[in-house]
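Architecture at a glance
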Amino acid sequence: METKGLLFIPDISGFTRFVTESEINHSRVIIQELLELIINANQMGLEISEIEGDAILFYKFGEPPQLKELYQQVAQMFCQFHKNLMAYDQRRYCQCKACTSAANLSLKVITHYGEFTKYNVKNFSKLIGKDVIVAHQLLKNDIAQHEYWLVTEGLLNHVPPTDFTEWMNWTDSMKQTESGEIHFHYTQLSELKNEISNDPLPPLSLSGKKKVQSASSVYKTDIITLFHATGAFEFRHLWWEGVEKVEELHHFLPRIGMKSKWTLNNGKTLYYSSSYSYTDDRIEFSETNEKGDQVIYFTLIKQTDRETKLTIAIYKNSNWITNLISRPSDQKKQEAMLQKSLENIVPLLQKIPL
């Protein structure tokens, strides 16, 4: 049985404050998404021992890896982590404290080489050994910033670490533990953020499209409550006429680019969120079908603290074919369905907890 190997712990900095000061449901999903992203960025064949709330205990038995290989793994996880947060901050729908403060989270990585072994408890695989304790103790240290990579002497073998980039600057330090002094080096990773390319938001273009339907209604509720009722996929079938079911195609929080499958009384279609803008007194968002030939545009305008106006406009590609087959009788039927949908929102606001 192998008893020596690498211990690799990515730890989300700011987690405790984030959870205690934020809406618990959204903070839970944000952390879940980030942990899954870290796991998917594993390119060294690391195994997972356990997920510890805000950290993942990875390990790999065998000879210590080269420091350059370790750096590539650390940089991959760090950059994917922050690219995701940057993208979410640009594309998120929600304005709760958890979602608005998620961009302040960061990542530190502890890497240690030592002795440990594995044992099983039913279907769970656990690690045991002095060096497992040491690796966890190193998570608590006196390093001021919280975006760093820490490497212990077990990986360095008394050879100072190498600067892999111009900005890298290593600091020598130590921590007193129950097992004695643990010497380590660390370097800040903040400069890596400058290497992250943030994909720009795709602009919503209504050029070439014609507004075929539009309807408005005023509701005796605040703008955020109305936005939750109309924007959440889980409620769409409760008010939109002709929609039997709407399924989210992922478990993540609402944002531009999210997809949903609509089951209609005449078939199924796929929609994706194509735009979103928010101010305290105006919210606009749109959903576009997968063919790109139809856009549903929602506009919510605050009238008073307890009164909000909602307008839904439907745009379709404007060409001679759609203009030819668009009969007045069909137009009136669709307008009536849209107006009835707006009426259905009234009892929805009274029945569901928002």
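This text goes with the structure placed above it.
Residues numbered from 1 in each chain as written. Predicted model: local features only at pLDDT ≥ 70, side-chain atom pairs only at ≥ 80, totals over all residues. Heavy atoms only, no water.

Quick word on the environment of histidine 237
Rules: In this description a helix means any DSSP run of H or I spanning at least four residues, a strand means any run of E spanning at least two, and both kinds are numbered starting from the N terminus.
Position of histidine 237 among the secondary structure elements: in helix H8 (residues 233–239). Linking histidine 237 and glutamate 247, residues 10 residues apart in sequence, is a C-alpha distance of 9.9 Å.

Thoughts on the nonpolar core
We apply this condition: Buried Ala, Val, Leu, Ile, Met, Phe, Trp, Tyr and Cys residues form a nonpolar core when they are joined through side-chain atoms within 4.5 Å. Note on exposure labels: buried denotes an accessible area under 20% of the residue type's maximum, exposed denotes more than 50%, and partly exposed covers the range between, all computed with a 1.4 Å probe on protein chains only. Note on contacts: a residue pair is in contact if any heavy atoms of the two residues lie within 4.5 Å.
Judged by nonpolar contacts, the single largest core of 46 residues is most densely connected at Phe8, Ile30, Leu105 and Trp149. Considering every element that reaches this core, the biggest residue donor is helix H3 (residues 67–91), with 11 residues. If sequence neighbours within four positions are ignored, leucine 105 has contacts with Ile12, Ser13, Gly14, Phe15, Phe18, Ile30, Ile31, Leu34, Phe81, His82 and Leu85. Judged by nonpolar contacts, the second largest core, of 34 residues, contains Phe227, Trp240, Val246 and Ile256.

Here's the deal with the packing of aromatic side chains
In plain terms, the rule: Two aromatic rings, drawn from Phe, Tyr or Trp (for Trp, its six-membered ring), form a pair once their centres lie within 6.5 Å of each other, and the interplanar angle then sorts them: stacked below 30 degrees, edge-to-face above 60, tilted otherwise.
Tallied over the full model, the rule gives 19 aromatic pairs. Note on tryptophan 240 and phenylalanine 298: the rings are 6.4 Å apart at their centroids and 55 degrees apart in plane angle, and the pair reads as tilted. Taken together, the residues tryptophan 240 in the loop between H8 and strand S11 (243–248) and phenylalanine 298 in strand S15 (residues 294–304) connect sequence positions 58 residues apart. Summarising the burial analysis for this pair, tryptophan 240 and phenylalanine 298 share the class buried.

Side note on empty space enclosed by the protein
Inclusion rule: With a 1 Å grid spanning the protein atoms alone, the term cavity applies to any set of points in which a 1.4 Å probe fits but cannot get out, the term pocket to an open set with protein on both sides within 12 Å along at least five of seven lines, and the term lining residue to any residue with an atom within 4 Å of a point. Grid points are joined across faces, edges and corners, and a volume is the space filled by probe spheres set on the points. Residue type decides the class: Asp, Glu, Lys and Arg count as charged, Ala, Val, Leu, Ile, Met, Phe, Trp, Tyr, Cys and Pro as nonpolar, and the leftover types, Gly among them, as polar.
Throughout the structure, instances matching the rule amount to 1 cavity of 30 Å³ or more. There is about 60 Å³ of room inside the largest cavity. Taken together, Ile30, Glu33, Leu34, Asn84, Leu85, Tyr88 and Arg255 form the lining of the largest cavity. Counting only elements with at least two residues in the lining of the largest cavity, the list comes to helix H2 (24–40) and H3. In the lining of the largest cavity, the residues fall into 4 nonpolar, 1 polar and 2 charged.

Remarks on the sheet that holds S11
Note the following rule: Strands were regarded as paired on the criterion that DSSP finds at least two bridges between them. Here an axis means a line fitted to C-alpha atoms, over the contact stretch when the element is a helix, while the angle between two N-to-C directions is reported on a 0 to 180 degree scale.
Overall, antiparallel pairing links the 7 strands, which are arranged S10-S16-S15-S14-S13-S12-S11 in an open sheet. Only two strands of the sheet have a single neighbouring strand rather than two, namely strand S10 (209–219) and S11. Taking the axes of each pair of neighbouring strands and ignoring which way they run, one obtains an average angle of 25 degrees across the sheet.

Brief notes about helix H7 (residues 223–231)
To keep it simple, the criterion reads: Pairs of N or O atoms are called polar contacts if they sit within 3.5 Å, as long as, within protein, a hydrogen donor faces a hydrogen acceptor (for residues adjacent in sequence, only side-chain-to-side-chain pairs).
Listing the buried residues of H7 in full gives Ile223, Leu226, Phe227, Ala229, Thr230 and Gly231. Between a side-chain oxygen at the N-terminus of H7 and the backbone nitrogen of isoleucine 224 the separation is 3.2 Å; the capping residue is aspartate 222.

Considerations on the packing of H2 against H3
For clarity, the threshold we go by: Working rule for handedness: look at the near helix, and if it is turned counterclockwise from the far one by less than a right angle, call the crossing left-handed; if clockwise, right-handed.
Orientation of H2 relative to H3, taken along the N-to-C sense of each, is 145 degrees, at an axis distance of 9 Å. Between H2 and H3 lies a crossing of right-handed hand. Packed against H2, whose contacting residues are Ile30, Glu33, Leu34, Leu37 and Ile38, the element H3 presents Met77, Gln80, Phe81, Asn84, Leu85 and Tyr88 at the interface. Residues belonging to the contact of H2 with H3 are distributed by class as follows: 8 nonpolar, 2 polar and 1 charged.

Here's the deal with a nonpolar patch on the surface
Put simply, the test is: Patch membership requires more than 30% relative accessible area and the absence of a salt bridge. Residues of like charge join within 9 Å; the nonpolar side chains Val, Leu, Ile, Met, Phe, Trp and Tyr join within 5 Å. The Shrake-Rupley method, run with a 1.4 Å probe sphere, supplies the accessible areas, and residue values consider only the shown protein chains as cover. Any Lys or Arg side-chain nitrogen found within 4 Å of a carboxyl oxygen on Asp or Glu counts as a salt bridge.
A grouping of Tyr119, Val121, Phe124 and Ile128 is seen on the molecular surface, where their side chains present a nonpolar patch of about 400 Å² in accessible area. Among the elements of the structure, strand S5 (117–121) and strand S6 (124–128) are those that each provide at least two residues to the nonpolar patch. Note on placement: tyrosine 119 falls in strand S5.

Points about H2
Convention followed: Every helix has an expected span of 1.5 Å times one less than the residues it contains.
With 17 residues, H2 should reach 24 Å at 1.5 Å per residue; the first-to-last C-alpha distance of 24 Å fits that figure. When H2 is considered as a whole, its buried residues turn out to be Ser27, Val29, Ile30, Ile31, Glu33, Leu34, Leu35, Leu37 and Ile38.

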